[in-house]
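An overview of the molecular structure
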Amino acid sequence: MPSVGNDDGPADDITGSGPESHILGPRKNLAFLGDPLRSIFLSTNPVYSKKKCGDYIQMAFNNGKLSGDGLNSRLCTKWFGERFGYDCALLTPSCTAALEMAALLLDLGPGDEVIVPSFTFVSTANAFALRGVSLVFADSGENHPNVSVDDVLKKITNSTKAIVVVHYAGVPIDLTRLVDTAIPVVEDCAHAIGTVDPLTSEPIGKAGCLSTFSFHETKNIGIGEGGMLVVNDESLWEKAQIIREKGTNRTAFRENRAHYYTWYSLGSSYLLSDVDAGVLFGCLQHFDEIQLRRLAIWDQYQKFLNPSSLFDKPQQKDRFNAHMYFIRFHSHDTALEFTRYMKIKGILVATHYRPLDQSPFVVESLSKQSRSPKCENSCRWSETVVRLPLFYSLSGTDVDDVVREVNEFSFSQKGLKRRSAGG
């Protein structure tokens with residue numbers, strides 16, 4: 001089953017041909033949901049307030065500071081500190097960049113093992129593979145795509161130097177037992193902005209020593225490309241600033257804490273431009289509005305999708321930040337048939353990751369390092385998960401149309417009794 005990208009890369013083409021086919025559906029069939037041609041398509045997130053974002057972009061030009069760490073960048077990090085308590089946060093060009101910084105911060109290298117989920121976007125693993133470590137893939141749980149903490153614990157050895165987790169669909173993982181190992185834990189929070197951990201009542205991303213966030217256009221707060229690194233271990237804060245500035249102490253120099261700047265460590269250019277930060281800050285002014293709309297869409301799906309013998313709906317307790325609404329089919333063949341059916345109707349429904357432990361790169365390049373069995377649950381999730389459209393500008397009528405077609409498919413497959421989409 002083809003998959004759609006999660007973080008920084010484009011989605012795979014599952015609906016037609018050409019680089020935009022995953023957004024608009026097949027060029028030859030632009031009829032939306034089988035109705036007469038309409039101007040609304042199931043696409044990625046829009047910029048929520050072009051005027052407000054434009055004002056902050058203009059501010060960057062007026063200040064003559066377009067590169068990183070300008071006024072907009074400072075406004076963003078101040079906002080995250082006040083709203084979520086992310087007091088040591090650095091904006092980055094992507095969540096991928098933030099993960100690469102995490103690998104550098106932990107001084108990882110050949111001979112070290114890093115445990116990563118099998119069911120995740122490639123960046124979660126690639127950022128650490130770049131340091132020459134041995135990747136150890138942990139399986140998903142049976143009841144949710146999130147990585148199984150039990151499986152992670154089984155795969156810890158004396159060579160394990162870091163554990164990376166992903167809060168899939170914004171659903172938080174209980175990290176208590178992993179943190180108790182004293183092995184550094186990195187939280188990939190690409191899906192999870194705005195999620196509150198029910199165990200601590202704290203915003204997500206505070207349990208591990210480092211956490212990373214994504215502002216890719218597919219995320220709740222999407223600006224095109226962007227990310228953030230949150231440093232929870234204060235001993236890593238100064239080093240993080242050096243790594244982000246190409247391995248130099250330029251930040252200390254700019255803040256008059258050094259007479260000059262020079263090369264101190266490995267690093268790269270991991271700053272978000274102040275133009276992009278202006279877009280981000282403009283979007284953050286609508287954070288609550290965005291989240292409330294996404295939650296309303298999630299609730300509309302949950303209420304009006306009819307019970308079916310073909311698939312399982314998510315549990316209500318997994319709503320959190322409404323990053324994603326997915327259904328889990330009971331068979332791979334039915335999931336494939338459903339994606340084909342929805343394609344004909346002009347609706348983009350997306351499958352998700354292929355298990356990384358079965359990827360060509362791992363099989364062909366890292367097979368000698370692999371000592372773990374196939375991640376069976378990850379494979380099952382990959383074959384049966386289908387995501388429904390969920391983005392801010394999706395109207396209630398659009399959601400009704402999606403619900404109607406999902407229910408109609410299930411009825412046509414003898415999976416349920418027909419019932420109106422509106423209840």
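Quick summary incoming for the structure in this document. (Residues numbered from 1 in each chain as written. Predicted model: local features only at pLDDT ≥ 70, side-chain atom pairs only at ≥ 80, totals over all residues. Heavy atoms only, no water.)

1. Points about the overall build of the protein
Helix and strand counts for the protein stand at 15 helices and twelve strands. Each of the 423 residues in the protein was classed as buried or not, and the buried ones make up 56%. Long-range pairs, those at least 24 residues apart, make up 66% of the contacts in the protein between residues at least 6 apart in sequence. For the protein, the accessible area works out to roughly 18000 Å², and carbon and sulfur atoms hold 52% of it. (Helix = DSSP H or I, 4+ residues; strand = E, 2+ residues; numbered from the N terminus. Buried < 20%, exposed > 50% of the residue type's maximum accessible area, 1.4 Å probe, protein only. Contact = heavy atoms within 4.5 Å. Areas by Shrake-Rupley, 256 points an atom, 1.4 Å probe, with all protein chains shown as cover.)

2. Here's the deal with the sheet that holds strand S8 (residues 210–214)
The seven strands lie next to each other as S1-S9-S8-S5-S4-S2-S3, forming an open sheet whose pairing is mixed. Every interior strand has two partners, whereas the edge strands, strand S1 (89–92) and strand S3 (134–138), have only one. The average undirected angle you get between the axes of adjacent strands in this sheet is 20 degrees. Here strand S5 (residues 185–188) pairs with S8 via three bridges, running parallel. Residue pairing for S8: Glu187 is matched across the bridge by Ser211. (Pairing = 2+ DSSP bridges. Axes fitted to C-alpha atoms, helices over the stretch in contact; angles between N-to-C directions.)

3. Notes on the pairing of strand S2 (residues 113–117)
Most of S2 sits out of view: five of its five residues are buried. Both faces of S2 are covered, namely the face carrying Glu113, Ile115 and Pro117 and the face carrying Val114 and Val116. Of the strand pairs in this sheet, S2 and S3 are connected by five bridges, and their pairing is parallel. Bridge pairing links Pro117 to Ala138 in S3. The parallel pair S2 and S3, bridged by helix H5 (residues 122–129), forms a crossover whose chirality is right-handed. Relative to strand S4 (residues 160–166), S2 runs parallel, the two sharing three bridges. In the sheet register, Val114 faces S4, and the bridge partner there is Ala162. (Right-handed = clockwise from strand over helix to strand, strands pointing away.)

4. Overview of the nonpolar core
In this structure, Leu106, Val114, Phe128, Phe137, Leu210 and Leu229 are the most contacted members of the largest nonpolar core, which totals 36 residues. Counting residues per element, the ones that place at least two in this core are helix H4 (95–105), S2, H5, S3, S4, strand S9 (227–231) and helix H8 (237–244). For this core, the leading source of residues is H4, giving nine residues. Other than its neighbours up to four places away in sequence, Leu210 contacts Ala102, Leu105, Leu106, Val185, Val186, Glu187, Leu229, Val230, Val231, Asn232 and Leu236. (Core = buried A, V, L, I, M, F, W, Y, C linked by side-chain atoms within 4.5 Å.)

5. Notes on a nonpolar patch on the surface
Taken together, the side chains of Phe253, Tyr260 and Tyr261 make up a nonpolar region of the molecular surface, amounting to roughly 330 Å² of accessible area. Within the secondary structure, Tyr260 sits in the loop between helix H9 (250–254) and helix H10 (274–284). (Patch = residues over 30% accessible without salt bridge, like charges linked within 9 Å, V, L, I, M, F, W, Y side chains within 5 Å. Salt bridge = Lys/Arg side-chain N within 4 Å of Asp/Glu carboxyl O.)

6. Quick word on the sheet that holds strand S10 (residues 311–312)
If you walk across this open sheet you meet the three strands as S10-S11-S12, and the pairing is antiparallel. Every interior strand has two partners, whereas the edge strands, S10 and strand S12 (385–388), have only one. Relative to strand S11 (residues 325–329), S10 is paired through two bridges, and the arrangement is antiparallel. Note on S11: the bridge partner recorded for Phe311 is Phe329. Sitting on the sheet, helix H14 (residues 376–384) touches S11 and S12, and the angle it makes with S11 is about 105 degrees.

7. Points about the state of the cysteines
Taken as a whole and assessed by the stated rule, the structure comprises zero disulfides. You can see Cys53 has no disulfide; the closest cysteine sulfur is in Cys283, sitting 4.1 Å from it. (Disulfide = S-S within 2.5 Å.)

8. Focus on the packing of aromatic side chains
Using the criterion set out here, one finds 21 aromatic pairs in the structure. An angle of 80 degrees between the planes, with centres 5.7 Å apart, marks the rings of Trp79 and Phe84 as edge-to-face. Each of the two residues, Trp79 as well as Phe84, counts as buried. Relative to Tyr325, the ring of Trp298 has its centre 5.2 Å away and its plane inclined at 70 degrees; by these criteria the two rings are edge-to-face. You can see Trp298 sitting in helix H11 (residues 287–304) and its partner Tyr325 sitting in strand S11, a full 27 residues away along the chain. The pair Trp298 / Tyr325 is uniform in exposure class, with both members buried. Taken together, the aromatic side chains of Trp79, Phe80, Phe84, Tyr86, Phe213, Phe215 and Phe287 make up a single cluster linked through ring pairs. The ring centre of Trp381 lies 3.6 Å from the NZ or CZ of Arg328, which sits over that ring. (Phe/Tyr/Trp six-rings, centres within 6.5 Å; stacked < 30°, edge-to-face > 60°. Lys NZ or Arg CZ within 6 Å of the ring centre and 35° of its normal.)

9. Re the pairing of S12
The side-chain alternation of S12 yields two buried faces, one formed by Val385 and Arg387 and the other by Val386 and Leu388. In this sheet, S12 lies alongside S11 in antiparallel orientation, the contact comprising four bridges. Across the sheet, the residue bridging to Ile327 is Val386, located in S12.

10. Observations concerning H4
Extensive coverage of H4 is indicated by the burial of eleven of its eleven residues. Of the residues making up H4, those classed as buried are Cys95, Thr96, Ala97, Ala98, Leu99, Glu100, Met101, Ala102, Ala103, Leu104 and Leu105. Residues of H4 that are buried sit in contact with S1, H5, S5, S8, S9 and H8. A side-chain oxygen of the first residue of H4 lies 3.4 Å from the backbone nitrogen of Thr96; this N-cap is Ser94. A positive backbone phi angle near 55 degrees is found at Asp107, which sits one or two residues after H4. (Polar contact = N/O pair within 3.5 Å; in protein donor to acceptor, adjacent residues only side chain to side chain.)

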